[in-house]
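# What the coordinates show
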Amino acid sequence: MRKTNINNYLEDSSTANAKKATRSAFWCFKSVLSFLFKMLLGLLCVCVVAGIIVGTSIVMYIVDLSNEPTGIDLRARKLNLTSYIYVYDNDGNPQEYQQLYSNENRVWVDYKDIPKHMTDAIIAIEDKRFLEHKGVDWVRTGGAVISLATGKDSYGGSTLTQQLIKNITKDNEASITRKLREVFRALKLEKEYSKDEIIEAYLNIVNFGGNNGGIQAAANMYFDKDIQDCSIAECAAIAGITQNPSLYNPIYYPEYNKKRREIVIGQMYEQGKITKSEYKQAMLESENMKFAWSETEKDEEDYDPDEESNSTQNIQNWYIDAMIRQLEQDIAEKYNTSIEVAEEKLYTEGLKIYCAVDLDMQKYAENYFLNWETPYDENIEAGYTMIGMDGRIIATVGSRNEKTGNLLFDRANTAALQPGSTIKPIGAYPLTIENSIYNFSSPVVDQAIEEWDYTDGYWKPGPHNWYGYYVGQLALCDAIEWSSNAAAARALQRVGVANSYSFVTGKLGFSHLAEQDGKNLAGLSIGGLNGGVTVTEMASAYSIYGTGGRYYKPYTYYYVTDQNDNIVLDNRDNYSVKALSEETAYIMNRLLNYNVNNSTHTRAGYTRVSGWDTIGKTGTTDENKDSWFCGLSPICAAAIWTGYDNPQTINAPNYAVDCWQDLMEHYLSDKSVSEYKVCENVTTARFCKTTGLLAGDKCKNTGIGYYTQGNMPSYCEGNCYKKSTDTDTSSSSSSNSSSQSSETSSEDSSQSDTSSTASSEVSSQENTSSEDDNWWASEFEN
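This structure is a prediction, so every number in the text was calculated from the model and none was measured. (Residues numbered from 1 in each chain as written. Predicted model: local features only at pLDDT ≥ 70, side-chain atom pairs only at ≥ 80, totals over all residues. Heavy atoms only, no water.)

## A few points about the overall build of the chain
A tally of regular secondary structure across the chain gives 26 helices and 18 strands. Per-residue burial for the chain yields a buried fraction of 53% across its 782 residues. (Helix = DSSP H or I, 4+ residues; strand = E, 2+ residues; numbered from the N terminus. Buried < 20%, exposed > 50% of the residue type's maximum accessible area, 1.4 Å probe, protein only.)

## Concerning the pattern of salt bridges
Under the criterion given, the structure shown has 18 salt bridges. Measuring nitrogen to oxygen at the nearest pair gives 3.4 Å for the salt bridge that ties Asp113 to Lys112. Given the relative accessible area of 29%, Asp113 is considered partly exposed. Overall, Lys112 belongs to the exposed group, its relative accessible area being 67%. As a salt-bridge pair, Lys258 and Glu287 come within 3.3 Å of each other at their nearest N and O atoms. (Salt bridge = Lys/Arg side-chain N within 4 Å of Asp/Glu carboxyl O.)

## With respect to helix H6 (residues 176–192)
Here H6 contains 17 residues, and its C-alpha end-to-end distance of 24 Å stays within 8% of the 24 Å for a straight helix at 1.5 Å per residue. Looking at H6, one finds that the buried residues are Arg178, Lys179, Arg181, Glu182, Val183, Arg185, Ala186, Leu189 and Glu190. (Expected span 1.5 Å × (residues − 1).)

## Focus on the sheet that holds strand S12 (residues 567–570)
Spatial strand order, S2-S1-S3-S11-S12: five strands in an open sheet with mixed pairing. If you trace the sheet from one side to the other, it starts and ends with strand S2 (94–100) and S12, each paired once. Taken over all neighbouring pairs, the strand axes of this sheet differ in orientation by 20° on average, direction set aside. Looking at chain direction, strand S3 (residues 352–355) and strand S11 (residues 557–561) are connected through four bridges and run antiparallel. Across the sheet, Tyr354 pairs through a bridge with Tyr559, a residue of S11. (Pairing = 2+ DSSP bridges. Axes fitted to C-alpha atoms, helices over the stretch in contact; angles between N-to-C directions.)

## A closer look at the packing of aromatic side chains
The geometry of an aromatic ring pair is captured by the separation of the ring centres together with the interplanar angle, meaning the angle of the planes. Counted under the stated rule, the structure contains 25 aromatic pairs. Judged by centre distance (6.1 Å) and plane angle (50°), the rings of Phe369 and Tyr384 are tilted. Of this pair, Phe369 sits in helix H15 (residues 359–370) while Tyr384 sits in strand S4 (residues 381–388), and the two are 15 residues apart along the sequence. Look at Tyr542 and Tyr545: their rings are 6.4 Å apart centre to centre, the planes differ by 80°, and that puts the pair in the edge-to-face class. An aromatic cluster of at least three residues, connected via ring pairs, comprises Tyr86, Tyr88, Tyr354, Tyr555, Tyr558 and Tyr559. Sitting above the plane of the Tyr559 ring, Arg572 keeps its charged end 3.9 Å from the centroid. (Phe/Tyr/Trp six-rings, centres within 6.5 Å; stacked < 30°, edge-to-face > 60°. Lys NZ or Arg CZ within 6 Å of the ring centre and 35° of its normal.)

## Thoughts on the packing of helix H3 (residues 116–126) against helix H9 (residues 232–239)
Contact geometry of H3 with H9 gives a least axis separation of 9 Å together with a crossing angle of 45°. Taken together, H3 and H9 sit at an angle that is classed as oblique. Considering the relative orientation of H3 and H9, their crossing is right-handed. Residue-level contacts link His117, Met118, Ala121, Ile122 and Ile125 of H3 to Ile232, Cys235, Ala236, Ile238 and Ala239 of H9. Looking at the contact of H3 with H9 residue by residue, the class counts come to nine nonpolar, one polar and no charged. (Parallel < 35°, antiparallel > 145°, perpendicular 65-115°, else oblique. Left-handed = near helix turned anticlockwise from the far one by under 90°. Contact = heavy atoms within 4.5 Å. Nonpolar A, V, L, I, M, F, W, Y, C, P; charged D, E, K, R; others polar.)

## Some remarks on unusual backbone geometry
The step from Gly462 to Pro463 runs through a cis peptide bond, and the omega angle for that step is -5°. Its place among the elements puts Pro463 in the loop between strand S8 (458–462) and strand S9 (472–475). In this structure, Asn336 is a non-glycine residue whose phi angle is positive, near 50°. You can see Asn336 is positioned in the loop between helix H13 (318–335) and helix H14 (339–348).

## Regarding the nonpolar core
Core analysis: the largest hydrophobic core is formed by 107 residues, its most contacted members being Tyr429, Leu508 and Phe510. The leading source of residues in this core is H13, at eight residues. If you look at the next biggest cluster of nonpolar residues, it comprises 51 residues, including Trp108, Met118, Ile205 and Ile274. (Core = buried A, V, L, I, M, F, W, Y, C linked by side-chain atoms within 4.5 Å.)

## Some thoughts on the side chain of Asp613
Along the polypeptide, Asp613 turns up in the loop between helix H23 (582–597) and strand S14 (615–620). A distance of 2.8 Å separates the side chain of Asp613 from the side chain of Asn593, its partner in a polar contact. Contacts of Asp613, omitting those with residues within four sequence positions, involve Arg590, Asn593, Leu632, Ser633, Pro634, Glu675 and Tyr676. (Polar contact = N/O pair within 3.5 Å; in protein donor to acceptor, adjacent residues only side chain to side chain.)

## Digging into the environment of Gly692
Mapping Gly692 onto the fold places it in the loop between strand S17 (682–688) and strand S18 (702–708). Along the sequence, Gly692 and Ser714 sit 22 residues apart, while their C-alpha atoms lie 9.2 Å from each other. Leave out the neighbours within four places in its chain, and Gly692 touches Ser441, Phe687 and Pro713.

## Focus on the sheet that holds S4
Note on sheets: strands pair through backbone hydrogen bonds, and any given pair is parallel or antiparallel. The five strands are arranged S5-S4-S16-S15-S14 in an open sheet whose pairing can be described as antiparallel. With one partner strand each, in any of the chains shown, strand S5 (393–397) and S14 form the two edges of the open sheet. On average, each strand axis in the sheet is inclined to that of its neighbour by 5°, with strand direction left out of account. As paired strands, S14 and strand S15 (residues 626–632) are joined by six bridges and run antiparallel to one another. Residue pairing in the sheet places Ile615 in a bridge with Leu632 of S15.

## A closer look at the packing of H15 against helix H24 (residues 655–668)
Their axes nearest at 11 Å, the elements H15 and H24 cross at an angle of 150°. By the criterion of interaxial angle, the relationship of H15 to H24 is roughly antiparallel. For the pair H15 and H24, the sense of crossing is right-handed. Counted together, Met361, Tyr364, Ala365, Tyr368 and Phe369 of H15 and Asp658, Cys659, Asp662, Leu663, His666 and Tyr667 of H24 form the full contact between these two elements. The class makeup of the residues in the contact of H15 with H24 is eight nonpolar, one polar and two charged.

## Some points on the pairing of S11
The element S11 is extensively covered by neighbouring structure, given that five of its five residues are classed as buried. Where S11 folds back onto S12 in an antiparallel hairpin, the turn is made up of five residues, including Asp565, whose phi is positive at roughly 70°.

## Section: the confidence of the model for the chain
Taken residue by residue, the chain gives an average pLDDT of 84. The fraction at 70 or more is 81%. Confidence over residues 294–312 falls short of pLDDT 50; this stretch has 16 contacts with residues more than four positions distant or in other chains. (pLDDT = per-residue confidence, 0-100.)

## Here's the deal with the environment of Gly383
For Gly383, the position within the fold is in strand S4. Taking the C-alpha atoms as reference points, Gly383 and Thr534, separated by 151 residues in sequence, lie 8.9 Å from one another. Leaving out residues up to four positions away in the same chain, Gly383 has contacts with Val397, Arg411, Ala412, Val535, Ala639, Ile640 and Trp641.

## Here's the deal with a nonpolar patch on the surface
A grouping of Phe29, Val32, Leu33, Phe35, Leu36, Met39, Leu40 and Leu43 is seen on the molecular surface, where their side chains present a nonpolar patch of about 770 Å² in accessible area. With respect to the helices and strands, the residue Phe35 is situated in helix H1 (residues 2–67). (Patch = residues over 30% accessible without salt bridge, like charges linked within 9 Å, V, L, I, M, F, W, Y side chains within 5 Å. Areas by Shrake-Rupley, 256 points an atom, 1.4 Å probe, with all protein chains shown as cover.)

## Considering the environment of Gly523
Inspection of the secondary structure puts Gly523 in helix H21 (residues 521–526). In this structure, Gly523 is in contact with Ile423, Gly528 and Leu529, ignoring residues within four places of it in sequence.

## Quick notes on the side chain of Ser158
On the secondary structure map, Ser158 appears in the loop between helix H4 (138–149) and helix H5 (160–169). Overall, Ser158 belongs to the buried group, its relative accessible area being 1%. A polar atom in the side chain of Ser158 sits 3.4 Å from the side chain of Glu182. Among residues more than four places away in sequence, those in contact with Ser158 are Glu126, Arg140, Gln163, Lys179 and Glu182.

Put into structure tokens, the structure is as follows:
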């Protein structure tokens, strides 16, 4: 009996365990299913949200494309309108100064004078539903989009309206984006113009082989007659060229043109545009078609429209050159088109351009350089730009020689040059003030960086200073005045090259630097750039020290209107970017003032203008191959470069300083004296020049510094006298001789190691920074 109970118990226990295991497995399976369901649901939600985001982005992108202006004025193109440049007189009234017009080889034919066979021929072969659609043939466009998506480039979907847009905008990119933009432009164009206006513009603008713009030029070239006198077959021959103007040019490839024109004639017959009799007559004429040929016609390879333009237009000044280049860029950007198209708009659409030039200063500057005496450097060149505090370019000169043409090589606005030490107050020092790394009188290290130049398998120390030795320690203001290369390199090392690169490219408009300049320490610290800077870029960069740290993009015109006086471009409310805080800008301003007014090591002191607070920085490069001065007065900034187009040593590297002073003095001569705006958050205090700390009672050698409350040095405890004596005994003789000789020698050349390859990368140099910086920190610890 007991045995039976035990068996029953065991059976019940086994059953219970089995049920428990089953329940456990069920719940485990249920948990797995629940997890998988939640995961799939989560993935689904992510996909839905991502789809919404992507879909919204695509819709917004398409909406943006649809809202882009066409930038096309067919009526202005027809009239080939002259554009006008206006300059302001001394009373502030605009006066016509110059005209801009095109010298293209094109004769416009009005719609009423175009033979019907010509319009029928082009519609039959290019867009048989032209009179029915609203600018886009959706069936053909869909096929073209599919072709692009599958990698087959095809323009077969383009209507005449779309082809006209492509010919005007010169937008030939094989992409869906281009196709979408073209579609929206075509829809807009058909709302703005009639079918007759569109076909008229097409036949007068499209290229018909060689240099033949429009059907009249083509008729003259191929048949020596006007388009009104062309037969059906001749119109078909012209219409057939458009698909491939080179291949179907009847002069060079008559057999290909024959095949193509007979296809055109066939399409005209099939679409009912000509009778059977006209078809037979046209085919017969095609079989025996003769083309005119003149040996006096310009060969396509020999034709130079720029040469023709320069020979028929007056020589314009350097300012107008710079303005035209800027206008072409701005028009291209506004209408999302090419520079070539922007240039055509500028010369043919009757624009009114209100120029920002100070004509008196422009004439004076150009005459100054034409009469510039350089007895030791007869062929030396120059580039100069003066800019107002709102970004307005007051005057600019691209060469010291007389202009012999238009849109020539411009050393002020297009040449990418090496800036030498003028880069130091832009690339090296301002961010140290902005980030409270340095203050006005911080002690900075004037010692070589051990891992500076990696050549022949090992590191060499550098950079070398132009004065031939290292002082060891300099207050920041003195480091700038001495133009210490080592101190500038260490300052940039503290800030980070990438941060400085982002600053000058993102906030100061530097557009000619190379990518490598964002990695190499030498470039933005002492001027050994892989790319370069323009004179105008440097002038506008220095102007931020007179605007409270705000950068204004340089401009050459106030505003532009179309032929109906609608505003097209406007710089009158030139938008500014906060490049630096007002406090940093003012402290940098005072550092540059210190540089000019305490100048013993460079020629910066020679840029003073009586009664005015002029500030700035000199700069030279390796072997005195470039000489600069960049600076400002309270009402304008200016920069000048002097050197040779093929770099060679300048025999008298004081030209830049002298020219800058002469031109600034002339400009300020009839202006009321003004001052820089004082920053209320910057206070003045006397500092010890030996330690860079605030001067104590025992400090003998002191100066006035400018500081923010959050970045004030501590007080000198009076042991500076001994340090000063120790430093003087070791370097005073060399310092004094260098100071005096520098007045007539190479100034503040960044020549040491600007080309030294600047190969020391930031990552390898930061290690040396910490040791030296710690040494100074312990030396002057509170």
